[in-house]
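Coordinates in review
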Amino acid sequence: MKIKINYIFTILYIGLISNIYAQNNPESNGQKDWEYLNQMKNFFCKAPEECNEVDNMNLLEYLIYVDKLYASRSKLAEDFLDKYPDNPHYDEALQLFLSSYFAPRFIPEKIDKEKAEIISKLPRKGDTNAWAKAYRLLPVDEKAKKRWLNKGKGYVNKILNSNAPDERKVKIAILLFNRDYILASNNYAYLIKDSNEQDYWDSFEKFYWESMQLRLEELRDTYPDSVTLAKFIQAILDDIRGFSPKLAKDYTDRFIFELEKNNLLSNRKGTEALHLGLANNLKAIEAWEKNSTNKPIEMAFTAFDGKYVDLSKMKGKVILIDFWSTRCPPCIAAMPQLKAIYDKYKEKGFEIIGVAADGDKSRDNIKKILNKANADWPQYLDGGKDATVSYHSLYQIKVLPTMWLLDTEGKIVENKIELSQLESLIRKYLEL
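Residues numbered from 1 in each chain as written. Predicted model: local features only at pLDDT ≥ 70, side-chain atom pairs only at ≥ 80, totals over all residues. Heavy atoms only, no water.

1. Description of the overall build of the chain
Within the chain, the secondary structure is distributed over 17 helices and seven strands. Counting every position in the chain, which comprises 432 residues, the buried fraction comes to 46%. Sequence separation of 24 or more characterises 72% of the internal contacts of the chain that already satisfy a separation of 6 or more. When the accessible surface of the chain is split by element, carbon and sulfur atoms take 51% of a total near 23400 Å². (Helix = DSSP H or I, 4+ residues; strand = E, 2+ residues; numbered from the N terminus. Buried < 20%, exposed > 50% of the residue type's maximum accessible area, 1.4 Å probe, protein only. Contact = heavy atoms within 4.5 Å. Areas by Shrake-Rupley, 256 points an atom, 1.4 Å probe, with all protein chains shown as cover.)

So this is what it looks like as structure tokens:
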């Protein structure tokens, strides 16, 4: 298929500028090249004309554009890694190379005409099934993909086989696993699943994800003292729970059984942290399942400010649980209004609990957001170092903001609340 001149220039922009930069700057060192690579990780199009052109592409044109763009990013990262193996930014560059935003789909130059026409006519917006169909139809340059996969694995193995500290090895091993897990997750998401075929899909999932589970177990056994790895394993199981609660529970049970049976807990920080986290997850899952029979919800955690919060100790209050994220502008925009309502009804028995879907790296940003809104209610950092349970994953919160209202018994009475409804609901359940 033919591609417009501007389109070609845009997708080659990174590579062209990179070559010119290197030729005209012979004094260029690793720091300058790292700064350039780090800058280009966010490049998508040259505003405004070419960005408008991208916006108006059909689905096939857009997929090819993104594929070539990601291939250009990947090449930049690869060149840096090959040229500067001892650079202090090496691990950061490797993280970019293994990330989903540097992962091409390896669409070949020639695409079957009939398939190309079908993909071109699929809607680009408003229909996720159209994208899944497009990805199933798109051919893949398997040779180029295999080279890229092996290149990343080679970089990682070089570090794993060195005398680098274990914690560095753990972080690098996690990067490789995460790359492969995302690729497997994407392919799984493109499958068409009929609800009447649940038994088949349960069996398929066990087979499809088994290699990932075995790799996690191998990492656990290789780095039993790594708390970082323990938290990562929990995060993967939480992610699996989002599309297959049964499979996630099977894997969790399997981890706990093997940890206890094979005596892997004694004085090993990582396996002890993993065992504790998984046990807490199971407890939280059981509590959530009980909630489906109209029982009070259970939630206990150390809040952002270090205070301990336990819903079972808050009976008699009407509680709003606000699931939010620093990456959710509507969540942040709602805080001043929540603050006004909180101040108005706090003394009458109303409480708010915030559950932020963020990790420790977002602490400063969260603090800034909370201070700006003067949001002085308890906050739980879902991905933080003190988090033993991811409530966003456990309760399968997929839309933000999501707000739940609990009555004075701790039962969920409203789980789809608009801010405009909140005050009247508070008055209703406080019987004001």
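2. Quick look at the pattern of salt bridges
Applying the stated criterion across every chain, the model contains 20 salt bridges. Residue R254 is joined to E217 by a salt bridge in which the shortest nitrogen-to-oxygen separation is 2.7 Å. Of this pair, R254 sits in helix 12 (residues 245-261) while E217 sits in helix 10 (residues 198-222), and the two are 37 residues apart along the sequence. What makes R254 partly exposed here is its relative accessible area of 22%. (Salt bridge = Lys/Arg side-chain N within 4 Å of Asp/Glu carboxyl O.)

3. Focus: the state of the cysteines
Each disulfide consists of a covalent bond between the sulfur atoms of two cysteine residues. In the structure shown here, the tally under the stated rule is two disulfides. A disulfide bridge connects C45 with C51, and the sulfur atoms are separated by 1.9 Å. Note on the C45 and C51 pair: the S-S dihedral is about 105°, so by sign convention the disulfide is right-handed. Comparing C45 with C51 shows no difference in burial state: the two are buried. Here C328 pairs with C331 through a disulfide, and the sulfurs are 2.2 Å apart. (Disulfide = S-S within 2.5 Å.)

4. Points about the layout of surface pockets
As a volume, the largest pocket reaches approximately 1900 Å³. N178, F232, A235, G359 and G383 are, among the 44 residues lining the largest pocket, the residues nearest its centre. Those elements that place two or more of their residues in the lining of the largest pocket are helix 5 (90-97), helix 9 (166-189), helix 11 (227-243), strand 4 (350-359), strand 5 (379-383) and helix 16 (391-394). Looking at side-chain class alone, the lining of the largest pocket contains 13 nonpolar, 17 polar and 14 charged residues. Of the pockets and cavities examined, the second largest pocket occupies roughly 670 Å³. Taken together, the elements giving at least two residues each to the lining of the second largest pocket come down to helix 4 (59-83), helix 7 (128-137), helix 8 (142-160) and helix 9. A class-by-class count of the residues in the lining of the second largest pocket yields 21 nonpolar, four polar and six charged. (1 Å grid on protein atoms, 1.4 Å probe; cavity = no way out; pocket = protein on both sides within 12 Å on 5 of 7 lines; lining within 4 Å. Points joined across faces, edges and corners; volume = space filled by probe spheres on them. Nonpolar A, V, L, I, M, F, W, Y, C, P; charged D, E, K, R; others polar.)

5. Describing empty space enclosed by the protein
Overall, the coordinates contain three cavities of 30 Å³ or more when judged by the stated rule. Space inside the largest cavity adds up to approximately 50 Å³. When the residues that make up the lining of the largest cavity are grouped by side-chain class, the tally is six nonpolar, two polar and four charged.

6. Quick look at helix 12
Along an α-helix, residues three or four positions apart point the same way, because every turn accommodates 3.6 residues. An ideal rise of 1.5 Å per residue puts 24 Å on 17 residues; helix 12 measures up with 24 Å between its terminal C-alpha atoms. Buried residues of helix 12: L247, A248, Y251, T252, F255, I256, E258 and L259, and no others. With its buried residues spanning 165° around the axis, helix 12 presents them on a single face. (Expected span 1.5 Å × (residues − 1). Arc of directions from axis to C-beta.)

7. Observations concerning the environment of A334
Position of A334 relative to the elements: it lies in helix 14 (residues 329-345). For the pair A334 and P401, spaced 67 residues apart in the sequence, the C-alpha separation amounts to 8.8 Å.

8. Digging into the confidence of the model for the chain
This prediction gives the chain a mean pLDDT of 85; 89% of its residues lie at or above 70. Across the chain, the element-wise mean pLDDT spans from 45 in helix 1 (residues 5-24) up to 97 in helix 8. For residues 1-27, every residue scores under 50 in pLDDT, and the model assigns this stretch 41 contacts once sequence neighbours within four places are set aside. (pLDDT = per-residue confidence, 0-100.)

9. Quick notes on the nonpolar core
L311, I321, Y391 and Y395 are the most contacted members of the largest nonpolar core, which has 51 residues in total. Once residues lying within four places of it in the same chain are set aside, the contact partners of Y391 are M299, A300, F301, F323, V355, Y380, D382, Q396 and I397. (Core = buried A, V, L, I, M, F, W, Y, C linked by side-chain atoms within 4.5 Å.)

10. A closer look at the pairing of strand 5
Counted residue by residue, strand 5 has four buried out of five residues, so it is predominantly covered. Once the chain exits strand 4 it traverses helix 15 (residues 363-373) before rejoining the sheet at strand 5, and the crossover so formed is right-handed. (Right-handed = clockwise from strand over helix to strand, strands pointing away.)

11. Topic: helix 5
Along helix 5, the residues that are buried comprise Y90, A93, L94, L96 and F97. Seen end-on, helix 5 carries its buried residues on one side only, within an arc spanning 155°. In this structure, the buried side of helix 5 is in contact with helix 2 (30-40), helix 4, helix 8 and helix 9.

12. Observations regarding the environment of G306
Secondary-structure assignment places G306 in the loop between strand 1 (300-302) and strand 2 (308-310). Classification of G306 as exposed rests on a relative accessible area of 54%. C-alpha of G306 to C-alpha of Q379: the two residues are 73 residues apart in sequence and 9.6 Å apart in space.

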